[in-house]
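Examining the three-dimensional arrangement
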Amino acid sequence: MCGIVGFIGSKNAKDVLLNGLEKLEYRGYDSAGIALLNHNEVYVVKEKGRIADLSEKVAENAFGEVGIGHTRWATHGKPSHENAHPHQSTSGRFTMVHNGVIENYSLLKEEYLKEATFISDTDTEVIVQLVEKFVEEGLNTESALRKTLSLLHGSYAISLIDKEDSQTLYAAKSKSPLLIGKGEGFNVIASDAMAALKETDQFIEIMDGEMVILTRSGVQILSAEGEEIERAAYTATIDATDIEKGTYPHYMLKEIDEQPAVTRRIIQSYQNEDGELTVEQPILDAILEADRVHIIACGTSYHAGLVGKNLIEKLAHIPVEVHVSSEFGYNMPLLSERPLFLFITQSGETADSRQVLVKVKEMGYKTLTLTNVSGSTLDREADHAMYLFAGPEIAVASTKAYTAQIAVLSILAVTLGREKGIAAAKELDLAVELGIVATAMEAMVASKELVEHIAGEFLATTRNAFFLGRSVDYFVAMEAALKLKEISYIQAEGFASGELKHGTIALIEDETPVLAIVTQENINWNIRGNVNEVLARGANACVFAMEGLEQPEDRLVIPHVHPLLTSLASVIPCQLLAYYAALHRECDVDKPRNLAKSVTVE
Ligand code: F6R
């Protein structure tokens, strides 16, 4: 969470910073700020709220060829002007932006900074005050920053400017993302390449524990011990137009609409010259050597993992467990002899998942990351990686990444099954079936008018809502509920419909919205029985059913797809339902309250 951007060059940093922050706003949007350094004068402006609010506050003639900017998702201290970044040392000499959490900040304050006056409640202010303290004790800025970094426990990506030196921009990172963008006569740092794409497509990775000293023409990467490190730049492959909304009112709607194309891109990306879907042999070997797969993920990616378990168990006969990352790391179940850990993460930066990766690697287990972001932390740190090819996902509510994760998991499952000679995998022409899914998805994204109407009828004013499903539809019900909660703030639950009568049915009142998803023939009548139970108690019920299973009273028919792949189609009307419910309730669809896209704190 939180986004950082920094610039040093020979033009005004202001526009680079504001443009970069806009691209990083998905990482946090409760407050924002910039600092510009011009001839030993630092201009700091910060504002509670969005980047647009900040832009309005920045003086038109504000100028500095060196600058740092920040968009915040609060961890220490409530969103406020005081807690917004940048933060300054007491004398105002040092100015800093920070992303991450410093776990020992109170201890550091107590031990080193008893005399200092603090303006904010943030851990960041402790870092910048420490730099000043060590400089006052006689160290130069570089050494003072190095000493400060050596004292920090936790995660950080920081950037620092020194009022007395307008030729240098400092940066450092540990466990929080930060990249260098390299240009001709300028350099940039950013939490995400997207923030600097307008300036350059050449990027250099920064590894944990490293410190970076940027000048207009030079990049110096230093280890924690101060030794210089050579590292080549790579060319970013993201297309700048992928991160624009185009004519769409919201990124979320654009990303929902992209799902058929993403599914087709995944088919192509995993096809060999003979048109067969393949996965790299070392990945297959690693999984086949394992006696159990543990899927580790959070939120929507966790829900995709539940569908993935079904696919891998049914098509490859390999036992799979699915775990919420934040629980797994601190209460590990009894592990089998040769487990393999599969991390599912759109961003590749989720701290809860990364803490598990670090632990299981220490335990010597094999790891595979399934991610949308090549070069992300979980991509780099796992033994193997597979990619989603979904293009940048900007809306906070994940949509196309969910279906891309399931599509790639289906390819993994079928190729594993084939290696093992499992009949169900050998008989499945997955490329064809995924093509049928892409066409079904097109029909679903075209059902906007109908879904908008259903959202108005069922969700415009309600306090709560229930989604029901059985087997794989239960997993989609969970995802549908999460989508609705996060962008419309309706209290929603996804339920295994048979479980409802064991307690939760007590919550059903007159007009309670209940939406049931029915795509599996073997449970069609059971779930309809459960729907009748809630109807009898006054619920306002509605069924989305797969073609062939539909009843006259059903509100939406999902085109027929292979029974193992139904979630790829059935989730789309649920995503649209959440989208239109949020619009009906005048919520900020792309930037829902309290959330951020990339959750880089535990
Ligand atoms: C919900 C959503 C989150 C993420 C979760 C994991 O719409 O986006 O629940 O799925 O924070 O993020 P990744 O997949 O980046 O690890």
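Residues numbered from 1 in each chain as written. Predicted model: local features only at pLDDT ≥ 70, side-chain atom pairs only at ≥ 80, totals over all residues. Heavy atoms only, no water.

Per an unreviewed UniProt entry, the chain carries the name Glutamine--fructose-6-phosphate aminotransferase [isomerizing] and comes from Listeria fleischmannii 1991. Heading Catalytic activity (unreviewed entry) of the UniProt record for the chain holds this comment: "D-fructose 6-phosphate + L-glutamine = D-glucosamine 6-phosphate + L-glutamate". Here is the UniProt Subunit (unreviewed entry) comment for the chain, exactly as written: "Homodimer." (UniProt positions renumbered as here; feature names shortened; annotations may be inferred.)

This part takes up the sheet that holds strand β17 (residues 320–324). Strand order in this open sheet of 5 strands is β17-β16-β18-β19-β20, and the pairing throughout is parallel. Edge positions in the sheet fall to β17 and β20 (384–387), since each has one partner strand and no second. Averaged over all pairs of adjacent strands, the angle between their axes in this sheet comes to 20°, without regard to strand direction. In terms of strand pairing, strand β18 (residues 339–345) meets strand β19 (residues 366–371) through 6 bridges, oriented parallel. From the neighbouring strand, I344 faces β19, where its bridge partner is L370. Helix α11 (residues 351–362) contacts β16 (292–297), β18 and β19 of the sheet and is inclined by roughly 160° relative to β18. Its contacts with the sheet put helix α13 (residues 400–419) on β18, β19 and β20, and the angle it makes with β18 is roughly 155°. (Pairing = 2+ DSSP bridges. Helix = DSSP H or I, 4+ residues; strand = E, 2+ residues; numbered from the N terminus. Axes fitted to C-alpha atoms, helices over the stretch in contact; angles between N-to-C directions. Contact = heavy atoms within 4.5 Å.)

A few words on the UniProt feature "domain: Glutamine amidotransferase type-2" (unreviewed entry) in the chain. UniProt feature "domain: Glutamine amidotransferase type-2" (unreviewed entry): in the numbering of this structure it lies at residues 2–217. Its end C-alpha atoms 27 Å apart, residues 2–217 is made of 24% helix and 32% strand.

All right, on to the packing of aromatic side chains then. All told, the structure shown has 9 aromatic pairs when counted by the stated rule. Seen from their ring centres, Y112 and F134 are 5.8 Å apart, and the 85° between their planes marks the pair as edge-to-face. Residue Y112 is located in helix α3 (residues 105–112), and its partner F134 is located in helix α4 (residues 124–136); the two are separated by 22 residues in the primary sequence. A relative accessible area of 1% places F134 in the buried class. Aromatic side chains F328 and F341 sit 5.7 Å apart centroid to centroid with 70° between the ring planes, which places their arrangement in the edge-to-face category. Taken together, the residues span a long stretch of sequence, with F328 in helix α10 (residues 325–328) and F341 in strand β18 at a distance of 13 residues. Clustering of aromatic rings is evident, with ring pairs tying together F328, F341 and Y365. One cation-aromatic arrangement involves K359 over Y330; the distance from NZ or CZ to the ring centre is 3.7 Å. Directly above the ring of Y489 sits R593, whose terminal nitrogen or CZ lies 3.8 Å from the centroid. (Phe/Tyr/Trp six-rings, centres within 6.5 Å; stacked < 30°, edge-to-face > 60°. Buried < 20%, exposed > 50% of the residue type's maximum accessible area, 1.4 Å probe, protein only. Lys NZ or Arg CZ within 6 Å of the ring centre and 35° of its normal.)

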